[in-house]
Protein chains: 2
Amino acid sequence: MFGSPGRMSGLVLRCAQWLFAAVSIGFMVTAPGFFNSTAFCYLIASMGLQILWSFGLACLDLHALRMKKSLRNSVLLCLFAIGDWVVSTLSLAAASSSAGVAILYSRDLDYCRSPPYISCSKIEISVAFAFISWFLLGLSSLVTFWLLGTV
Amino acid sequence: MFGSPGRMSGLVLRCAQWLFAAVSIGFMVTAPGFFNSTAFCYLIASMGLQILWSFGLACLDLHALRMKKSLRNSVLLCLFAIGDWVVSTLSLAAASSSAGVAILYSRDLDYCRSPPYISCSKIEISVAFAFISWFLLGLSSLVTFWLLGTV
């Protein structure tokens, strides 16, 4: 199945997850004054957690591919499914709360074109990358949960 | 299984979902000035959708219970699983974005004790109910997805 743990598609999916999360952090930390909003700090923390999780699983996938081992046992799949679900929920919450604040700044308070001149474009790009990263993790989560039901 | 469609526990779970969503809308619309933030308007729309979905499925559960029919067929379960997943994702996004804005108002901008004196307590209660409603829908979503894997 596409995106299963221990397969090439799974490895590509995991690498894409931590890469997009890293790009999201990169754009956020270069936006001046991001630390004034709790939601943006939470986004950085959550994307950091997602990098750790996805990078760890990418290493495990690579190891399984090189050793030609199967990762399809119920204990491992259960661990992956719970981890994926928790991390993807936290990522979606972080991306959404940041999106809420970004929309408030740009549309409702108009802080992008008037003082304090917040760098909205960088924040919006960071949030977009966080959503892409969450979507890819959600895909992995669904695949793992499905496999767990069929093991 | 607890919370399965067509069982008493499933019916109770669905009723709790739309009741909590309704309470969340109730607190939000009574908070003065909520319409100034896009995130709060989105919360109301999303909770409205959740009420429609959960109320509809509660009626279906009630019908199945009264007629002693089973709802455990793969087409229906697939429909419930996809619907639950979409609605719960939208609810979590709405609750999180509202939480992000509520924290910005109360902690970062201090709008609760200084002008424009936003009614933060009502907004916070509304967000808390939205999170409870999302959690219950997430539970239903997991149960349905699990049942779909075992049918």
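Residues numbered from 1 in each chain as written. Chains lettered and ligands numbered in written order. Predicted model: local features only at pLDDT ≥ 70, side-chain atom pairs only at ≥ 80, totals over all residues. Heavy atoms only, no water.

If you look chain A up in an unreviewed UniProt entry, it shows as CASP-like protein from Cucumis melo. The UniProt entry for chain A carries the following text under Sequence similarities (unreviewed entry): "Belongs to the Casparian strip membrane proteins (CASP) family." Under Subcellular location (unreviewed entry), UniProt gives the following word-for-word description of chain A: "Cell membrane". (UniProt positions renumbered as here; feature names shortened; annotations may be inferred.)

On to the relation of the copies chain B and chain A, then. When chain B is fitted onto chain A, the two copies agree to an RMSD of 0.0 Å after a turn of 180° and an axial shift of 0.0 Å. Between the two chains, the operation in question is that of a two-fold axis. Closest approach to the rotation axis among the C-alpha atoms of chain B is made by Ser97 of chain B, whose C-alpha sits 1.8 Å away. Of the residues that chain B buries at the interface, 100% are likewise interface residues in chain A, meaning the two copies contact each other through the same surface. (Least-squares fit on C-alpha atoms with pLDDT ≥ 70 in both. Contact = heavy atoms within 4.5 Å.)

Bringing the packing of aromatic side chains into the picture now. Counted by the stated rule, this structure contains 17 aromatic pairs over all chains. Taken together, the aromatic side chains of Phe145 and Trp146 of chain A together with Phe145 and Trp146 of chain B make up a single cluster linked through ring pairs. (Phe/Tyr/Trp six-rings, centres within 6.5 Å; stacked < 30°, edge-to-face > 60°.)

Residue and element names in this part refer to chain A. This structure, assessed with the given rule, holds 2 disulfides over all chains. Paired by a disulfide, Cys112 and Cys120 hold their sulfur atoms 1.9 Å apart. Looking along the S-S bond of the Cys112-Cys120 disulfide, the torsion reads about -80°, which is the left-handed sense. Residue classification places Cys112 among the partly exposed residues on the basis of a relative accessible area of 22%. Cys120 gets classed as buried once you look at its relative accessible area, which sits at 11%. (Disulfide = S-S within 2.5 Å. Buried < 20%, exposed > 50% of the residue type's maximum accessible area, 1.4 Å probe, protein only.)

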